[in-house]
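Letter by letter, the chains look like this.
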Amino acid sequence: MRYIFRETEHPTAIDYYCEATQTTQDHFPRIPAHTHNYYEVYIFLNGYVKIAIEDQIYNVKYGDIMLIPPYRIHQLLPASDNTKFEYRRIYMYITEPCLSSFDFNGQSLLPLIQQAAQDKRYLFHIPKEDFEQIYQAMYLLFRSKKTDYYGKEMLNRSRIIEIITLLNKNIQLDTESHDMTHITPAIDDVFTYINHHYQEPLSLDFLANRFFLNKYTLSKLFKEQLQLTVHEYITLKRISTAKLLIKEGTPPSKVHLEVGYSNYSTFFRAFKKLENSSPEQFLAQIKNELPQ
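Source: prediction; values computed, not measured.

What counts and what doesn't
- Per chain, the residues get numbers from 1 upward, laid out in the order the sequence is written.
- A pLDDT threshold of at least 70 governs which residues receive local features in this predicted model, and a stricter bar of 80 or more applies before side-chain atom pairs are shown or counted, although totals over entire chains, interfaces and linings include all residues.
- With hydrogens and water excluded, all non-hydrogen atoms of the structure serve as input to the side-chain values.
- A run of DSSP states H or I qualifies as a helix once it reaches four residues; a run of E qualifies as a strand once it reaches two. Both are numbered from the N-terminal end.
- Throughout, exposure labels follow a simple rule: accessible area from a 1.4 Å probe, protein chains only, divided by the maximum for the residue type, with under 20% read as buried, over 50% as exposed, and the rest as partly exposed.
- Contact between two residues is taken to exist if any of their heavy atoms lie within 4.5 Å; hydrogens are not considered.
- What sets the accessible areas is the Shrake-Rupley method with a 1.4 Å probe; for residues, cover comes only from the shown protein chains.
- Whenever Lys or Arg places a side-chain nitrogen within 4 Å of a carboxyl oxygen from Asp or Glu, that contact is recorded as a salt bridge.
- The quantity known as pLDDT measures the predictor's confidence residue by residue, on a range of 0 to 100.
- Think of it this way: DSSP has to see at least two bridges between two strands before they count as a pair.
- Only Phe, Tyr and Trp rings are paired, with Trp represented by its six-membered ring, and only when their centres lie within 6.5 Å; those with planes under 30 degrees apart are stacked, over 60 edge-to-face, the remainder tilted.
- Geometrically, a lysine NZ or arginine CZ counts as sitting over a ring once it is within 6 Å of the ring centre and also within 35 degrees of the ring normal.
- By nonpolar core is meant a set of buried Ala, Val, Leu, Ile, Met, Phe, Trp, Tyr and Cys residues that side-chain atoms within 4.5 Å join together.
- Axis definition: a line fitted to C-alpha atoms, over the contacting stretch in the case of helices. Angles run 0 to 180 degrees between N-to-C directions.
- Roughly parallel refers to an angle under 35 degrees, roughly antiparallel to one over 145, roughly perpendicular to one between 65 and 115, and oblique to any angle outside these ranges.
- Here is the rule for handedness: rotate from the far helix to the near one, and if that takes an anticlockwise turn smaller than a right angle the crossing is left-handed, while a clockwise turn gives right-handed.
- The length a helix should cover is 1.5 Å for every residue beyond the first.

## Structural notes on the overall build of the chain
- In terms of regular secondary structure, the chain is built from 11 helices and nine strands.
- When each of the 292 residues of the chain is scored for burial, the buried share is 48%.
- Looking at the chain alone, contacts between residues at least 24 apart form 73% of all its contacts between residues at least 6 apart.
- When the accessible surface of the chain is totalled, it reaches about 15,000 Å², and 52% of it is carbon and sulfur.

Take a look at the structure:
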């Protein structure tokens, strides 16, 4: 099991990596929209927050578990004007190679998780017994980071299996509609257009003209809903897609043409600003983790 303790260590999508963290804050944390190279299993415990994943915004409550797939843009949004409250959550990051390592006798943890991601199903209301069991296993995984004892690795493997198996059980059983809202209708079409046309030239002026909106109104509504500018979201979408394409084999020198950048230097600057590494360094990091 690979454990990451320092902010400077960035796991790649192909690492054998899993990590659990629990946090408590007395105010709404300003966390910018971002993506991961791995799955995030997020358990909401307390507070007043919403979670946005692409164009879907969820009102979370105790007993909810979010499953956020790799390369999916997501962020925390305030659900109340009152930013002074206790916000608690526990979450686990885990890569597909780590999940695949538990395959046994034809059984796999991955297919249901992958299907949920494909279907854009991110929020699951978990029955109390399963929720408490998942939480306890994740909490023990989190606590184990700071201690060492006999059988730690094997116990942590059993905890991961327990978490994901129970989550998969609820993914399979889940048929309910959930507390979800879309972006304000006035900009919903704009948002969808960006997600489907990020490979093309896009700008605030172009989008405002296409959807018959005043560009200042569009900018204001977009910022209010997502706490991002139109330009910031377009960049996030392009770079997160570029990371996925690089992982799948597209050379960094060519990937910019597939995600909407007409020249490599602009793409390079945007990638480095978001990822704190160049596209080539991202690729090298992936290659260094491949089995020799």
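Still more ground to cover, so stick around.
## Considering the pattern of salt bridges
- Overall, the coordinates contain eight salt bridges when judged by the stated rule.
- Taking the shortest distance from any N to any O, the salt bridge between D130 and K169 comes out at 3.0 Å. Placement of the pair is D130 in helix α3 (residues 128–143) and K169 in helix α4 (residues 152–173), with a sequence separation of 39 residues.
- Owing to a relative accessible area of 7%, D130 belongs among the buried residues under this scheme.

## Quick notes on the confidence of the model for the chain
- Averaged over every residue, the pLDDT of the chain is 86; residues scoring 70 or more account for 89%.
- Taken element by element, the predicted model of the chain shows its lowest mean pLDDT in strand β9 (residues 180–182) (61) and its highest in α3 (96).

## Overview of unusual backbone geometry
- One non-glycine residue, F212, lies in positive phi territory at about 55°.
- Mapping F212 onto the fold places it in the loop between α6 (204–210) and α7 (215–226).

## Examining the environment of K128
- You can see K128 is positioned in helix α3.
- Between the alpha carbons of K128 and Y62 there is a distance of 9.7 Å; along the sequence they are 66 residues apart.

## Regarding the pairing of strand β3 (residues 49–53)
- Counting buried positions over the five residues of β3 gives four, a clear majority of the element.
- Note that β3 and strand β4 (residues 56–59) share four bridges and pair antiparallel. Opposite I53, over in β4, you have Q56 as the bridge partner.
- A loop of two residues connects β3 with β4, the two strands running antiparallel in sequence, and E54 in this loop sits at a positive phi of about 55°.

## Regarding the packing of aromatic side chains
- For the coordinates displayed, the defined rule picks out 17 aromatic pairs.
- Centre to centre, the rings of Y91 and Y93 are 5.3 Å apart; their planes meet at 45°, and the pair counts as tilted. Here Y91 matches Y93 in class, with each residue buried.
- Put simply, the rings of Y261, Y264, F267, F268, F271 and F282 touch in pairs and so form one group of aromatic residues.
- Geometry around F211 places R210 over its ring, the cationic atom sitting 5.9 Å from the centre.
- In this arrangement the basic side chain of R238 is found over the ring face of Y261, its NZ or CZ atom lying 5.3 Å from the centre.

## Some details on the nonpolar core
- Judged by nonpolar contacts, the single largest core of 32 residues is most densely connected at L67, M92 and I164.
- Those elements that provide at least two residues to this core are β1 (18–25), β2 (39–46), β5 (64–68), β7 (87–94), α1 (96–100), α2 (110–118), α3 and α4.
- Each residue touching M92, except ones within four places of it in the same chain, is listed here: C18, E19, A20, Y39, E40, V41, M138, L141, I163 and I164.
- Counting 19 residues, the second largest nonpolar core, distinct from the first, contains Y17, I53, V60 and F85.

## Thoughts on the packing of α3 against α4
- Interaxial distance between α3 and α4 falls to 9 Å at its minimum, and their mutual angle equals 150°. The angle between α3 and α4 places the two elements in the roughly antiparallel class. Handedness of the crossing formed by α3 with α4: left-handed. Seen from α3, the contacting residues are D130, Q133, I134, A137, M138, L140 and L141; seen from α4, they are N156, R159, I160, E162, I163, L166, L167, K169 and N170.

## Quick look at α3
- Over its 16 residues, α3 runs 22 Å from end to end, which matches the ideal 22 Å to within 8%, given 1.5 Å per residue.
- Contacts made by the buried residues of α3 are with β1, β2, β5, β7 and α4.

## Side note on helix α8 (residues 230–247)
- Along its 18 residues, α8 runs 26 Å from first to last C-alpha, staying within 8% of the 26 Å computed at 1.5 Å per residue.
- Across the 18 residues that make up α8, a large majority, 14, are buried.
- Positive backbone phi, at 120°, marks G249, one or two positions downstream of α8.

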